[in-house]
2 protein chains.
Amino acid sequence: MARRAGVALSSVSRVLNDHPDVSENMRSRVLEAIAELGYEPNLLAASLRRGSSRMIGFIVPDLRNPLFGSIVTAAQDGLSQQGYAAVITTSSSDADRDADMARLLRHRQVDALIVSLADQTREDLIEELRRFRGPIVLLDREVDGLEDASIVETDHGSGMEQATRHLLSLGHERVALLTGSLQVRPSAQRVQAFREAYRQSALPYPEDLVRPVGFAPEFGERSTVELLRRPSPPTALIVGSNQLLTGVLRSLRRLGIRPGVDIAVVSCDDVPLSELHNPPITVIDRDVTEIGSSAARLALERLNNPDTPPRRVVLPTTLVLRDSTHSPHG
Amino acid sequence: MARRAGVALSSVSRVLNDHPDVSENMRSRVLEAIAELGYEPNLLAASLRRGSSRMIGFIVPDLRNPLFGSIVTAAQDGLSQQGYAAVITTSSSDADRDADMARLLRHRQVDALIVSLADQTREDLIEELRRFRGPIVLLDREVDGLEDASIVETDHGSGMEQATRHLLSLGHERVALLTGSLQVRPSAQRVQAFREAYRQSALPYPEDLVRPVGFAPEFGERSTVELLRRPSPPTALIVGSNQLLTGVLRSLRRLGIRPGVDIAVVSCDDVPLSELHNPPITVIDRDVTEIGSSAARLALERLNNPDTPPRRVVLPTTLVLRDSTHSPHG
């Protein structure tokens, strides 16, 4: 090909590797020769030399949750505008697999990592992430010992406090909280805000109704049955994710208990199920698209300028009132 | 490291590359030396030499659709049992991006491709897939000129015929069909089956109510309004995906038209929204987990034995009757 372009082999290499020291004339001669010959540069080898794969690696806990699909899609839109491709892996909420995927993506030499960890306290995983040389963006996780990572956080506390206070003001005294494991930031923050709202109300804190059990539908299904069979059952439920909500609504239907009539229900994150349920379900909402595009932005700003320090972006939650929250005796 | 293990450098290389001609004793000496030195083999370079990355590349049109998340998750379960990792990319239903992603995954040397294409008729994309050297599994697409690919198909026709016949037997004469573009197999099959059910009924085929418009919620939202404003509106809707259903239900709510009372609604694929809607929505269902695990199986059987010819697996659809389908006048 160098012969066809009438240039030195080293010039071809410089063009293929985006070397700054290449004249426009040289560039076009080489690129024409490439096109004529149907030559396809081995991108993998090229990226090994150049140290950039133009790929951004994602690790998400559950792709069956449409929330993560929306976050990834929004991030990808931002990344592809600058020529990066999103490559997604999932841990299936298994912290061991988180570490495997982080290793895999590092070995495949992605340029940055955007990750939502199954467990933010696992030493081996943190160790694995520390080995990664590019920018890391954590989604809603606080990881000790990973000070160089940027973070896109949600302020789960404010929405949870609003929701709890709203239910208490309607006259509910026994509110149950179902959420994920306390090993991740959103759940820990929610339980704290829930307790704080009770503390301010002077009502007794219903310790027995707090279930930081996990985000999967099965947990919602089981906890709902168990909570409603208690001698003193809750009159309202706050449900920490759309996946949990699926399980909760399944159990309520089976028990013949109607949301918004027999029991008040608040969910977290607005999805078609909460929006289009009859009655529509009150949610603690956040801008999921903004989470994805912020993550892309934080990754890109450090890719474009490695001297940029890591940043933390905090996005708000807001309470969207709908018909699933009513007074306990009305 | 070869010195530390007291073996020849070529032996280290043989161990790292899983060469069959290595004694157990040699293997353990080398691996111990690796562990002691904290040496980490460059997996990428190793896979370049060995020709296997242990990665399976996915291309899906929309990760916001929980259906694809479920398919990918089921496939990943099957793949990881044999030590393969799923690496997922998305085209955002853009056929240009399909080709980009196929190229990216090929260059990153994934061992097999599992793909759900945005457009099964695009020449450049088919060309790109033809360049890929490992097994390809197509999800529900029929691609001319790609005879060497395995296929996991859904028999959309039987479920659609059942659904249409059911609505006609209830007394509906004007049934509308909303589905994706005819450039993909599911939509083409559905329209054909819908027409066939009408042909058998001797009722006039409602050509004016067939909308192969796309799978996104916006299409469902717009088509519903447009269909219901016609001089002779449909009394029943068949909706070709859970994403479309979201848009359809939004419009029905805005128009004050109740599913199962004012209009019969059938959807495709069971998701929490259809299951937990009030009234629950009749669906043409299929086993989504089985789609994912079949895809993994078809990829693995050709990875394990390259002489295996491509296979086609056809999975059934069944009609699940619920309260959203009623007679038009009662």
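Residues numbered from 1 in each chain as written. Chains lettered and ligands numbered in written order. Predicted model: local features only at pLDDT ≥ 70, side-chain atom pairs only at ≥ 80, totals over all residues. Heavy atoms only, no water.

### Brief notes about the overall build of chain A
Check the secondary structure of chain A and you find 13 helices and 12 strands. The buried share among the 330 residues of chain A stands at 57%. Looking at chain A alone, contacts between residues at least 24 apart form 70% of all its contacts between residues at least 6 apart. Entry remark: accessible area of chain A is about 13900 Å², with carbon and sulfur atoms responsible for 49%. (Helix = DSSP H or I, 4+ residues; strand = E, 2+ residues; numbered from the N terminus. Buried < 20%, exposed > 50% of the residue type's maximum accessible area, 1.4 Å probe, protein only. Contact = heavy atoms within 4.5 Å. Areas by Shrake-Rupley, 256 points an atom, 1.4 Å probe, with all protein chains shown as cover.)

### Overview of the interface of chain A and chain B
Listed by partner, the interface residues are 44 residues for chain A and 44 residues for chain B. The interface formed by chain A and chain B includes two salt bridges. A salt bridge links Glu-275 of chain A to Arg-250 of chain B, with the nearest nitrogen and oxygen atoms 2.6 Å apart. Where chain A touches chain B, the interface holds 16 residue pairs in polar contact (both at pLDDT 80 or more). (Salt bridge = Lys/Arg side-chain N within 4 Å of Asp/Glu carboxyl O. Polar contact = N/O pair within 3.5 Å; in protein donor to acceptor, adjacent residues only side chain to side chain.)

### What about helix α8 (residues 156–170) of chain B?
Residue and element names in this part refer to chain B. Relative to the 21 Å expected for 15 residues at 1.5 Å per residue, α8 spans 22 Å between its end C-alpha atoms, a close match to the ideal helical length. Within α8, burial applies to His-156, Gly-157, Gly-159, Met-160, Glu-161, Ala-163, Thr-164, His-166, Leu-167 and Leu-168. Residue Asp-155 occupies the N-cap position of α8, its side-chain oxygen lying 3.3 Å from the main-chain nitrogen of Gly-157. Gly-171 occupies a position one or two residues after α8 and carries a positive phi of about 110 degrees. (Expected span 1.5 Å × (residues − 1).)

### A closer look at the pattern of salt bridges
All names here are of chain A. Evaluated as defined, the whole model comprises 58 salt bridges over all chains. Between Asp-148 and Arg-302 there is a salt bridge, and its shortest N-O distance comes to 3.1 Å. Of the two residues, Asp-148 is situated in the loop between β4 (136–139) and β5 (150–154) and Arg-302 in helix α13 (residues 288–304); the sequence distance between them amounts to 154 residues. Between Arg-312 and Glu-153 there is a salt bridge whose closest N-O contact spans 2.2 Å. Here the residue Arg-312 occupies a position in strand β11 (residues 312–315), and Glu-153 occupies one in strand β5, the gap between them amounting to 159 residues. Since its relative accessible area comes to 5%, Glu-153 is described here as buried. Beyond isolated ion pairs, a larger network of salt bridges with shared partners links Asp-140, Glu-142, Glu-153, Arg-185, Asp-269, Arg-286 and Arg-312.

### Overview of the relation of the copies chain A and chain B
The operation relating chain A to chain B is a screw motion whose rotation component is 180 degrees, with 0.0 Å of axial translation and a residual RMSD of 0.1 Å. Accordingly, the operation relating the two chain copies is best matched by a two-fold axis. Interface overlap between copies: 100% of the residues of chain A at the interface are likewise at the interface in chain B, consistent with a symmetric, same-surface contact. (Least-squares fit on C-alpha atoms with pLDDT ≥ 70 in both.)

### Overview of unusual backbone geometry
The step from Asn-278 of chain A to Pro-279 of chain A runs through a cis peptide bond, and the omega angle for that step is 0 degrees. Position of Pro-279 of chain A relative to the elements: it lies in the loop between α12 (272–276) and β10 (282–285). Even without being glycine, Arg-54 of chain A reaches a positive phi, approximately 55 degrees. A positive phi angle, near 55 degrees, is found at Ser-93 of chain B, a position not held by glycine. Mapped onto the secondary structure, Ser-93 of chain B falls in the loop between β2 (85–90) and α6 (95–107).

### With respect to the packing of aromatic side chains
Scanning all chains against the criterion turns up six aromatic pairs over all chains. When the ring of Phe-194 of chain B is compared with that of Tyr-198 of chain B, the centres are 5.3 Å apart and the planes differ by 70 degrees; the resulting orientation is edge-to-face. Here Phe-194 of chain B and its partner Tyr-198 of chain B are both found in helix α9 (residues 185–201), four residues apart, which amounts to about one turn of the helix. For the residue pair Phe-194 of chain B and Tyr-198 of chain B, the accessibility class agrees, reading buried in each case. Measuring from ring centre to ring centre gives 5.9 Å for Tyr-198 of chain B and Tyr-205 of chain B, while their planes differ by 75 degrees; the resulting arrangement is edge-to-face. The exposure class assigned to Tyr-198 of chain B is buried, which follows from its relative accessible area of 1%. Members of the aromatic cluster, each reached through a chain of ring pairs, are Phe-194, Tyr-198 and Tyr-205 of chain A. The ring of Tyr-84 of chain A has Arg-54 of chain A sitting right over it, with the charged end atom 4.2 Å from the ring centre. (Phe/Tyr/Trp six-rings, centres within 6.5 Å; stacked < 30°, edge-to-face > 60°. Lys NZ or Arg CZ within 6 Å of the ring centre and 35° of its normal.)

### Examining helix α11 (residues 242–255) of chain A
Quick reminder: α-helices carry 3.6 residues per turn. Residues three or four places apart thus point the same way. All names here are of chain A. The terminal C-alpha atoms of α11, which comprises 14 residues, lie 20 Å apart, in line with the 20 Å expected from a rise of 1.5 Å per residue. For α11, the buried fraction is high: 10 of the 14 residues fall into the buried class. Where α11 is concerned, the buried positions are Asn-242, Gln-243, Leu-244, Leu-245, Thr-246, Gly-247, Val-248, Leu-249, Ser-251 and Leu-252. Its side-chain oxygen 3.2 Å from the backbone nitrogen of Gln-243, Ser-241 forms the N-cap of α11. Phi turns positive one or two residues past the end of α11, at Gly-256, with a value near 70 degrees.

### Overview of the nonpolar core
The biggest cluster of nonpolar side chains holds 56 residues, and the ones touching the most others in it are Phe-58 of chain A together with Phe-58 of chain B. Contact partners of Phe-58 of chain A, with chain neighbours within four places excluded, come to Val-72, Ala-75, Leu-79, Ala-86, Val-87, Ile-88, Thr-89, Leu-105 and Ile-114 of chain A. Core analysis: the second largest hydrophobic core is formed by 46 residues, Val-110, Leu-129, Leu-138 and Leu-146 of chain A among them. (Core = buried A, V, L, I, M, F, W, Y, C linked by side-chain atoms within 4.5 Å.)

### Quick look at the sheet that holds β10 of chain A
Residue and element names in this part refer to chain A. Read across the sheet, six strands follow the order β7-β6-β8-β9-β10-β12 without closing on themselves; strand pairing throughout is mixed. In this open sheet, the two edge strands, each paired with only one partner strand, are β7 (210–212) and β12 (318–320). Looking at each pair of strands side by side, their axes are set apart by 15 degrees on average, direction ignored. Taken strand by strand, helix α9 (residues 185–201) contacts β6 (175–179), β7, β8 (236–239) and β9 (264–268), and its axis lies near 170 degrees from that of β6. (Pairing = 2+ DSSP bridges. Axes fitted to C-alpha atoms, helices over the stretch in contact; angles between N-to-C directions.)

### Let's talk about the pairing of strand β5 (residues 150–154) of chain B
Residues and elements named next belong to chain B. Most of β5 sits inside the fold, with five of its five residues counted as buried. Judged by which residues are buried, β5 turns out to be covered on both faces: Ser-150, Val-152 and Thr-154 on one side and Ile-151 and Glu-153 on the other are all buried. As defined by bridge partners, β5 adjoins strand β11 (residues 312–315) across four bridges and the pair is classed as parallel. Bridging across to β11, Val-152 finds its partner in Val-313.

### Structural notes on the side chain of Asn-65 of chain B
Mapped onto the elements of the fold, Asn-65 of chain B is located in the loop between β1 (55–60) and α5 (66–80). In contact with Asn-65 of chain B, not counting residues within four places along its chain, are Asn-242 and Gln-243 of chain B.

### Some thoughts on the packing of helix α6 (residues 95–107) of chain A against helix α7 (residues 123–131) of chain A
Residue and element names in this part refer to chain A. Close contact between α6 and α7 brings their axes to 9 Å; oriented N to C, the two are set at 10 degrees. As far as their axial angle goes, α7 and α6 are roughly parallel. Where α6 abuts α7, its residues Asp-98, Ala-99, Ala-102, Arg-103 and Arg-106 lie against Leu-125, Glu-128, Leu-129 and Arg-131. (Parallel < 35°, antiparallel > 145°, perpendicular 65-115°, else oblique.)

### Examining the environment of Arg-195 of chain A
Residue placement: Arg-195 of chain A occurs in helix α9. When the C-alpha atoms of Arg-195 of chain A and Val-210 of chain A are compared, they prove to be 9.7 Å apart, with 15 residues separating the residues in sequence.

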